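# Descriptive structure summary
Given next are the chains, with one letter for each unit.
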Amino acid sequence: MTGASLPNRWKLPDLGLGVGLRTQHFRHITEHWPAMDWFEILSENFIDTEGRPLHFLDQIAEHYPIVMHGVCLSVGSTDPVDFGFLDKLAALARRVKAVWLGDHICWTGVAGLNGHDLYPVPYTEEGLRHMISRVRIIQDYLERPLVLENPSTYLTFASSSMPEEEFIARLAVEADCALLLDVNNVYVTCRNHDLDPLAYLDAIPYEHVVQVHLAGHTDNGTHCIDTHDGRVIDEVWQLYGRVHRKTGGRATLLEWDANVPKFPVLQQEVGKAARFRNGTKIVTSAAA
Amino acid sequence: MNLARAPRLDTLERWMQAVVMHPQGAMPGVRSAPARRLLPQAAVDLDSVVLPSKALSAVERLDIYAHMYYARLLEILVEEYPTTRQILGAEAFERACRRFLARHPSRHRILNRLSERFPAFLARHLPRGPRSGLAVDVARIERAMEEVFDAPRAEPLTAAQFGAIGADAWQRVRLAVIPGLRLLKLRYPANDHMNAVRGKGQPRIPRPRASFAIVYRRGYQVFRRDQEPVQFRLLAALASGATLAAAVRGSVGGRRGNADELAARLGAWFREWAAAGLFSGIERQATGRRRR
Ligand SMILES: [Fe+2]
């Protein structure tokens with residue numbers, strides 16, 4: 001399944017196959033240094049703490065490339081940008097030598113509150129202008145591209161005047177930010193909004209995509225929830241294959257956050273991506 | 001879509017937040033006064049703000065977010081307060097959590113601060129009685145365990161550094177305690193109760209009895225243990241910045257008793273604290289100034 005090789009605009013590397021770093025695996029990883037190309041961390045889990053998780057992360061960051069992915073940046077919020085929080089993100093990025101850092105195309109709270117969830121922005125011209133200006137401010141401050149992910153969404157605002165994929169494409173191009181394309185979220189969102197995932201994928205500007213997420217979800221029949229609690233379904237693998245054909249390879253990450261299995265199960269599941277990547281298996285074993 | 005009636009972004013965000021954070025769910029949220037002030041038309045015609053899908057109505061779609069908001073935060077509180085929950089029972093605990101979250105919604109990006117006011121909230125809002133009293137004390141210990149887990153690292157003093165403090169220097173020496181130490185004066189033997197829960201599951205609710213617990217981190221492990229009342233007072237005095245001499249005088253000074261026995265007890269306490277790594281620094285005051 002060879003595809004065209006389309007580099008991203010920043011020439012950020014295809015890190016290979018990685019998984020989300022989870023507490024349950026700290027010991028396994030630091031005792032066995034298992035084969036894994038890279039890890040993604042949830043930034044907020046390592047901010048405002050000097051406890052055990054940071055102690056393990058320091059060791060793991062010595063052995064594997066680390067990417068920072070957050071859930072609280074709230075880029076779409078109409079509250080003021082929290083520069084103190086950006087400083088903390090930047091400090092963590094320096095500490096773990098993060099290859100890149102990002103968050104989601106969403107808001108997580110307003111009026112000083114935090115819902116700790118990824119809330120959709122209305123896909124309006126006003127929403128787009130707002131997101132673009134916020135992304136620019138944050139990127140200027142951090143002096144690096146922000147890697148923003150399409151979230152799973154469960155509702156559509158009546159005021160939306162464009163489809164999600166168009167909003168994301170315009171945001172990426174006009175704010176000049178990078179994208180993390182979560183193909184499971186594409187599937188979930190399209191199921192929830194009666195949309196065509198292939199049309200969604202075709203609208204994405206792939207020179208802005210630097211990373212891909214894979215995950216499992218829960219299908220409730222009437223709607224899907226992005227639960228990250230199981231294996232990747234076939235339809236999502238097909239979407240992944242399509243993205244690979246369009247890009248020629250992007251850093252690929254499996255998210256598994258609930259009912260977290262033993263580490264070898266993650267290795268095996270993310271390893272399935274190899275069949276779409278010209279057979280490229282996980283190459284890095286840190287046990288050097 | 002009627003563009004003239006399209007809500008502004010900040011209005012829409014505030015409205016959605018008021019709806020999905022409403023403790024009774026999305027529909028009561030849509031009808032609540034704060035949401036109606038922001039978007040009155042939503043209470044009359046919800047589909048003019050949120051579209052239904054083929055399978056779900058607008059309110060069902062909002063309820064997905066409303067449900068996740070409480071489910072996610074409840075999960076965190078359940079994880080942080082296992083013994084408090086066991087004492088109150090799962091249902092009463094969840095009721096208390098929902099009231100707490102409605103009263104103190106999360107204001108921090110980092111979730112470890114979510115429940116910093118939870119023990120005080122329980123103290124104010126639980127019905128009076130031994131079960132509640134014990135639950136509040138256990139909640140204070142469980143919260144302290146959360147806090148010291150995340151506390152800044154500090155290198156504890158070694159036995160040699162301790163030994164080097166001569167008795168003649170006691171008037172001038174202050175000890176710095178590690179950031180990961182909490183001292184808790186309690187109305188119930190809460191720490192004992194937590195040990196009993198770990199041991200055999202469902203111990204009885206004890207009678208009120210003052211207890212003095214410390215919670216601390218050694219390396220990356222969190223510990224809790226009880227102190228004798230005088231020992232606790234001494235440690236509290238040291239933690240508040242008193243010199244060794246002033247702390248000893250203030251906590252054990254007025255007591256009658258055998259001086260040798262007191263010295264032996266002091267020695268044992270300091271050894272215990274040193275082994276637990278509770279002190280991270282020695283400050284020597286310039287000579288000539290004495291605190292009384
Ligand atoms: Fe994702």
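Everything discussed here concerns the structure shown above.
Below is a short write-up of the structure.

Each value, and the rule that gives it
Per chain, residues are indexed from 1 in the order of the written sequence. By the order in which they are written, chains take letters starting at A while ligands take numbers starting at 1. Where totals are concerned, whole chains, interfaces and linings use all residues; where local detail is concerned, this predicted model gives features only for residues with pLDDT of at least 70, and gives and counts side-chain atom pairs only at 80 or more. The basis for every side-chain value is the complete set of non-hydrogen atoms in the structure, without hydrogens or water. Between two residues, a contact is recorded if the distance between any of their heavy atoms is within 4.5 Å. What counts as a salt bridge is simple: a side-chain nitrogen of Lys or Arg found within 4 Å of a carboxyl oxygen of Asp or Glu. Under the rule applied, a polar contact is a pair of N or O atoms within 3.5 Å (in protein, one hydrogen donor and one hydrogen acceptor; residues adjacent in sequence only if both atoms are side-chain atoms). Only DSSP runs of H or I reaching four residues or more are called helices, and only runs of E reaching two or more are called strands; each is numbered from the N terminus. Gly counts as polar in this scheme, as do all residues outside two lists: the nonpolar Ala, Val, Leu, Ile, Met, Phe, Trp, Tyr, Cys and Pro, and the charged Asp, Glu, Lys and Arg. The donor definition counts N, O and S atoms within 2.8 Å of each metal and applies 3.2 Å to Na, K and Ca; water is not among these atoms, so some sites may look incomplete. With a 1.4 Å probe rolled over the protein chains alone, any residue whose accessible area is under 20% of its type maximum counts as buried; one over 50% counts as exposed, and the rest are partly exposed. We call Phe, Tyr and Trp rings a pair once their centres come within 6.5 Å, taking the six-membered ring for Trp, and we label the pair stacked below 30 degrees between planes, edge-to-face above 60, and tilted otherwise. Charge-over-ring placement is defined geometrically: NZ (Lys) or CZ (Arg) within 6 Å of the ring centre, and within 35 degrees of the ring normal. Any two strands with at least two DSSP bridges between them are considered paired. Lines fitted to the C-alpha atoms define the axes, with helices restricted to the stretch that makes contact. Angles between their N-to-C directions range from 0 to 180 degrees. Nonpolar side chains (Val, Leu, Ile, Met, Phe, Trp, Tyr) are joined into patches within 5 Å and like charges within 9 Å, using only residues with over 30% relative accessible area and no salt bridge. Computed with the Shrake-Rupley method and a 1.4 Å probe, the accessible areas treat only the protein chains shown as cover for residues.

With that settled, the discussion passes to the interface of chain A and chain B. Put simply, an interface is often sized by how much accessible area is lost when its parts join up. Listed per partner, the contact involves 54 residues of chain A and 45 residues of chain B. At the surface where chain A touches chain B, the tally comes to three salt bridges. A salt bridge links Arg72(B) to Asp117(A), with the shortest nitrogen-to-oxygen separation between them at 3.6 Å. Scanning the region where chain A abuts chain B turns up 22 residue pairs in polar contact (both at pLDDT 80 or more). For the side of chain A that touches chain B, the secondary structure elements donating two or more residues are α2 (52–63), α3 (83–96), α4 (125–142) and β6 (156–157) of chain A. Per-element accounting of the side of chain A that touches chain B gives the leading share, five residues, to α2(A). Of the residues in the side of chain A that touches chain B, the class split is 20 nonpolar, 23 polar and eleven charged.

Our next topic: the coordination of the iron ion. Residues and elements named next belong to chain A. Protein ligation of the iron ion involves Glu149 (OE), Asp182 (OD), His213 (ND1) and Glu255 (OE), the donor distances falling in the range 2.0 to 2.3 Å. Site description for the iron ion: donor spacing in sequence, E-x32-D-x30-H-x41-E. Here glutamate 149, found in strand β5 (residues 146–149), pairs with histidine 213, found in strand β8 (residues 209–215); they are 64 residues apart in sequence, far enough to count as distant. Both residues of the pair, glutamate 149 and histidine 213, belong to the buried class.

On to the environment of Lys200(B), then. Residue and element names in this part refer to chain B. Within the secondary structure layout, lysine 200 lies in helix α11 (residues 190–200). Judged by its relative accessible area of 70%, lysine 200 falls in the exposed class. In the structure, lysine 200 is positioned 153 residues away from aspartate 47 in sequence and 54 Å away in space, judged by C-alpha atoms.

Next up on the list: helix α9 (residues 263–271) of chain A. For α9(A), the full list of buried residues reads Phe263(A), Leu266(A), Gln267(A), Glu269(A) and Val270(A). In this fold, the buried residues of α9(A) make contact with β1 (17–20), α1 (26–32), β2 (38–42), α8 (234–247) and β11 (251–255) of chain A.

This structure, assessed with the given rule, holds 24 aromatic pairs over all chains. Judged by centre distance (5.8 Å) and plane angle (85°), the ring pair of Tyr240(A) and Phe276(A) falls under edge-to-face. With Tyr240(A) in helix α8 and Phe276(A) in the segment after α9, this residue pair connects regions lying 36 residues apart in the sequence. Looking at Phe276(A), the relative accessible area reads 2%, which means it is buried. The interplanar angle of 85° and the centroid separation of 5.0 Å between the aromatic rings of Tyr69(B) and Tyr70(B) together place this pair among those described as edge-to-face. In this structure, Tyr69(B) and Tyr70(B) share a single accessibility class: buried. Aromatic ring contacts, followed pair by pair, group Tyr81(B), Phe93(B), Phe100(B), Phe118(B) and Phe121(B) into a single cluster. Sitting over the ring of Trp10(A), Arg9(A) keeps its end group 5.0 Å from the ring centre. Across the ring face of Phe85(A), the terminal group of Arg109(B) is positioned such that the distance to the ring centre comes to 4.7 Å.

Okay, the pattern of salt bridges next. Residue and element names in this part refer to chain A. Taken as a whole, this structure holds 25 salt bridges over all chains when the rule is applied. The partner of glutamate 125 in a salt bridge is arginine 170, and the shortest N-O contact between them spans 2.9 Å. With glutamate 125 in helix α4 and arginine 170 in helix α5 (residues 164–175), this pair connects stretches of sequence that are 45 residues apart. On the accessibility criterion, arginine 170 (22% relative accessible area) is partly exposed. Among the ionic contacts, a cluster of salt bridges with common partners joins Glu125, Arg129, Glu166, Arg170 and Glu174.

What follows covers the environment of Arg27(A). Residue and element names in this part refer to chain A. Among the structural elements, arginine 27 can be located in helix α1. Given the relative accessible area of 48%, arginine 27 is considered partly exposed. Taking C-alpha positions, arginine 27 is 32 Å from serine 74, a pair spaced 47 residues apart along the chain. Not counting the four nearest positions on each side in its chain, arginine 27 is found in contact with Arg52 and Phe56.

All names here are of chain B. Read across the sheet, three strands follow the order β3-β4-β5 without closing on themselves; strand pairing throughout is antiparallel. Single-partner strands in this sheet number two, and they are β3 (181–186) and β5 (221–226). Going from strand to strand, the sheet's axes swing by 15° on average, the running direction of each strand aside. Examined bridge by bridge, strand β4 (residues 211–218) and β5 share six bridges and lie antiparallel to one another.

A separate point is a nonpolar patch on the surface. All names here are of chain A. Judged by side-chain polarity, Phe83, Ile137 and Tyr141 come together as a nonpolar surface patch covering roughly 260 Å² of accessible area. Checked against the element boundaries, tyrosine 141 lands in helix α4. Accessibility expressed as a relative area gives 37% for tyrosine 141, which makes it partly exposed.

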